[in-house]
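# Structural overview
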Amino acid sequence: MNISDDIRYVGVNDHEIDLFEGQYIVPNGMAYNSYVILDEKIAVMDTVDINFTHQWLDNIRDAIGDKAPDYLIVQHMEPDHSANILSFIKTYPSTKIVSSQKAFNMMKNFFGNDFADNRIVVGEGDTLELGRHTLTFVTAPMVHWPEVIVTYDSFDKVLFSADGFGKFGALDVEEDWACEARRYYIGIVGKYGAQVQALLKKAAGLEIRKICPLHGPVLSENLEYYIGLYNTWSTYTPETDGIVIAYTSVYGNTKKAVMQLAGKLKANGCPKVVVNDLARCDMAEAVEDAFRYGKIVFATTTYNAGIFPFMREFIEHLKERNFSNRTVAFIENGSWAPLAAKTMKGMLEGCKNLTYADTTVKIMSALNEESSAQLDELAQELSKEYLAKQDETANKNDLSALFNIGYGLYVITSNDGKKDNGLIVNTVTQVTNSPDRIAVTVNKENYSHHIINQTGKMNINCLSVDAPFSVFENFGFRSGRNTDKFEGMEILRSDNGLAFLPRYINSFMSLKVEKYVDLDTHGMFICEVTEARVITNTETMTYNYYHENVKPKPQTDGKKGYVCKICGYVYEGDKLPDDFICPLCKHGVADFEPVQ
């Protein structure tokens, strides 16, 4: 496989492995990736699993012929990538090994040799010249071992990403990338979301055309999709709208309750209901589902004054991986002293930003009239937003939606006749309540101002505190004139035909413009409320909450330069070019300030 004119793939496929890392089922095998960069000097990127020594060395010889490599770059010391360092040096004794100091310390542990005569130690920002190709090394500690480095080739614009952006599965098997990449990420890297975020911020300043991971395929198209998923996963943000029910059942009564709840949720419009029997399913798949969806129901029996072992194991897996930012509900069963709900909630105490349902279903051995009614209440509570999104079940005159207006952050949605558009604003005010009128102020430079002036209508989406930074990047950092801000997003519409956000809002209002006030740089639209829906009870995101909890903190320690006030990107240098545009939010120099 040619990655570019100068980069060759020399990795191997493993179809003999049944459990990766001794626990993850891999029905389609694994790929151990290694690459060769051919230039004035030759560099080999990482080794492969010990079971493929000769195949890998043959692949290298096929790529470089009788030449000897100048460098072996070791990005990660897990044995599936480093096991053949010793065999490689025996074959090419003059080759220099390039790696981090921590990696050389680990080599001493693995091989009894830290290769003092062959080594080049590199750290953050160090470079290696091969000829046309200049390699820059970026430290990535705890993604997902402490010694990890990733490597950027500025000539071909390739990021060698170590275990980042990897997936289960051999390269000679066709399968969906996201499914097995998600299971791989959550199972193996999931605990280290903060460290992945730090690496993504470093990568944001690079022009990347291809990503070459140590597992899985080379990524060369639609890189925003893959990077976007990594951003979602590493911020513990729900990826897909839906509800997971994870359960154990001894004699079938808890299972019966679970199946009834699943049916009620589907009937109420829940877009996806996933049911996992923890005693029988692949535990890694169940953990993946818990992190993929925004709501989860734990259902189990009281067992030895605690909970059933498979449920205990499941919750421990979630805690180990920083389970957070989810809505949680419980179903407990016990014939004489139900303790399961209390035990499960106690186990989750260390998890951050969990919202617990008001209703807990308590089953005494088997469902009865009381516990069946609790199932109905729980289904209604968990389905509130789904019912509010459907025309036939929504209360479209719920003016309590106006109570969610404050000094908050909102997405104005509009439509120019060809596509839907959205804009972040913080200037929404209720000006009268009889009749109900709303004032919305929009900068004239924004495309939304032009659309609303022409159409006379808009929707105001009240963002809730669970909205991730990606919402602000999408609706606040790009112009709707030349981008489709709803691309790939589920489109839900109010009675006026405009879109409202399917997630991260607690309410929306449809507005009809009655009057326009020119405010020089801005325009104020005085509007009648034509529709109002409350979607969830989640708190409205205030401007202060956004700055304290959502907006990324600038990574300015030890840096000299300028920081973007909008997104926190740091430009390092003595002088900021007059025409500089922030690579993250696309704002100009007016929104930068010197690093303090």
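Computed from a predicted structure; not experimentally measured. (Residues numbered from 1 in each chain as written. Predicted model: local features only at pLDDT ≥ 70, side-chain atom pairs only at ≥ 80, totals over all residues. Heavy atoms only, no water.)

Next up on the list: the sheet that holds strand β29 (residues 505-519). As summarised here, the arrangement of the seven strands in space is β23-β22-β26-β29-β30-β25-β24, forming an open sheet in which the pairing is antiparallel. Here the strands that pair on one side only, and so sit at the sheet edges, are β23 (420-425) and β24 (428-433). For this sheet the average axis-to-axis angle between neighbouring strands, irrespective of direction, equals 35°. Where β29 lies against strand β30 (residues 522-534), twelve bridges are found, and the strand directions are antiparallel. Paired with Lys512 across the bridge in β30 is Glu528. Lying over the sheet, helix α13 (residues 447-455) contacts β22 (410-415), β23, β25 (436-443), β26 (457-463), β29 and β30, oriented at roughly 55° with respect to β22. Across the sheet, helix α14 (residues 469-476) touches β22, β23 and β26, and the angle it forms with β23 is around 115°. (Pairing = 2+ DSSP bridges. Helix = DSSP H or I, 4+ residues; strand = E, 2+ residues; numbered from the N terminus. Axes fitted to C-alpha atoms, helices over the stretch in contact; angles between N-to-C directions. Contact = heavy atoms within 4.5 Å.)

In space, the three strands of this open sheet follow the order β32-β31-β33, with antiparallel pairing throughout. Of all the strands in the sheet, just β32 (570-572) and β33 (592-594) have a single pairing partner and so form its edges. For this sheet, the mean angle separating the axes of adjacent strands, direction not counted, is 25°. Pairing geometry for strand β31 (residues 561-564) and β32, over three bridges, is antiparallel. Pairing of Gly561 across the sheet is with Glu572, part of β32.

The next point concerns the nonpolar core. Of all hydrophobic cores here, the largest spans 90 residues; its most connected members are Phe298, Phe314 and Phe323. Among the elements that make up this core, the one with the highest residue count is helix α5 (residues 177-189) (eight residues). When sequence neighbours within four positions are dropped, the list of residues in contact with Phe298 reads Ala246, Met311, Phe314, Ile315, Leu318, Val328, Ala329, Phe330, Ile331, Met344 and Leu348. Core analysis: the next-biggest nonpolar cluster, separate from the first, contains 31 residues, Val471, Phe500, Leu501 and Cys564 among them. (Core = buried A, V, L, I, M, F, W, Y, C linked by side-chain atoms within 4.5 Å. Buried < 20%, exposed > 50% of the residue type's maximum accessible area, 1.4 Å probe, protein only.)

Inspection of the entire model under this criterion finds 34 aromatic pairs. An angle of 45° between the planes, with centres 6.2 Å apart, marks the rings of Phe110 and Phe111 as tilted. You can call Phe111 partly exposed: its relative accessible area is 21%. A centroid spacing of 4.9 Å and a plane angle of 75° characterise the contact between Tyr303 and Phe308, whose relative ring orientation is edge-to-face. Among the aromatic residues, those joined into a ring-pair cluster are Phe165, Trp177, Tyr185, Tyr225, Tyr226, Tyr230 and Trp233. (Phe/Tyr/Trp six-rings, centres within 6.5 Å; stacked < 30°, edge-to-face > 60°.)

Glancing now at the state of the cysteines. A full pass over the atoms with the stated rule returns zero disulfides. Counting only cysteine sulfurs, Cys281 is the nearest neighbor of Cys270, a cysteine outside any disulfide, at a range of 18 Å. Look at Cys270 and you get buried, because its relative accessible area is 7%. For Cys462, which is in no disulfide, the shortest distance to another cysteine sulfur is to Cys527 and amounts to 13 Å. A residue is classified by how much of its surface remains accessible, and Cys462, at 0% relative accessible area, is buried. (Disulfide = S-S within 2.5 Å.)

On to the side chain of Asp153. Tracing the chain through its elements places Asp153 in strand β13 (residues 149-153). Buried charged residue Asp153 carries no salt bridge. Nearest counter-charge: Lys157, at 8.2 Å. Of note is the side chain of Asp153, whose polar atom sits 3.1 Å from the backbone nitrogen of Phe155. (Lys, Arg positive; Asp, Glu negative; His and termini not counted. Salt bridge = Lys/Arg side-chain N within 4 Å of Asp/Glu carboxyl O. Polar contact = N/O pair within 3.5 Å; in protein donor to acceptor, adjacent residues only side chain to side chain.)

Turning next to the pairing of strand β21 (residues 352-363). Pairing of strand β20 (residues 324-333) with β21 involves eight bridges; the strand directions are parallel. Counted as the bridge partner of Val328 is Tyr356 from β21. One crossover worth recording links β20 to the parallel β21 by way of helix α11 (residues 340-347), and it is right-handed. (Right-handed = clockwise from strand over helix to strand, strands pointing away.)

Taken N-terminus to C-terminus, the directions of helix α6 (residues 193-204) and helix α7 (residues 223-234) make an angle of 145°; their axes are 9 Å apart at the nearest point. Two packed elements cross with a definite hand, and for α6 against α7 that hand is left-handed. Two secondary-structure elements touch here, α6 through Gly193, Ala194, Val196, Gln197 and Leu200 and α7 through Ile227, Tyr230, Asn231 and Ser234. Class assignment of the residues belonging to the contact of α6 with α7 gives a composition of five nonpolar, four polar and no charged. (Left-handed = near helix turned anticlockwise from the far one by under 90°. Nonpolar A, V, L, I, M, F, W, Y, C, P; charged D, E, K, R; others polar.)

Counting buried positions along helix α9 (residues 283-292) yields eight of ten residues, so the element is predominantly enclosed. For α9, every residue scored as buried is listed here: Met283, Ala284, Ala286, Val287, Glu288, Asp289, Ala290 and Phe291. The opening residue of α9 is Asp282, an N-cap whose side-chain oxygen sits 3.0 Å from the backbone nitrogen of Ala284.

To describe two helices that pack against each other, one gives the angle between their axes and the distance between the axes. Two elements in contact, helix α8 (residues 253-267) and helix α12 (residues 369-389), have axes separated by 9 Å at closest approach and are oriented at 40°. Taken together, the axes of α8 and α12 lie oblique to each other. Crossing hand, α8 versus α12: right-handed. Taking contact as the criterion, the partners of Ala257, Gln260, Leu261, Lys264 and Leu265 in α8 are, on α12, Leu375, Asp376, Leu378, Ala379, Leu382 and Ser383. (Parallel < 35°, antiparallel > 145°, perpendicular 65-115°, else oblique.)

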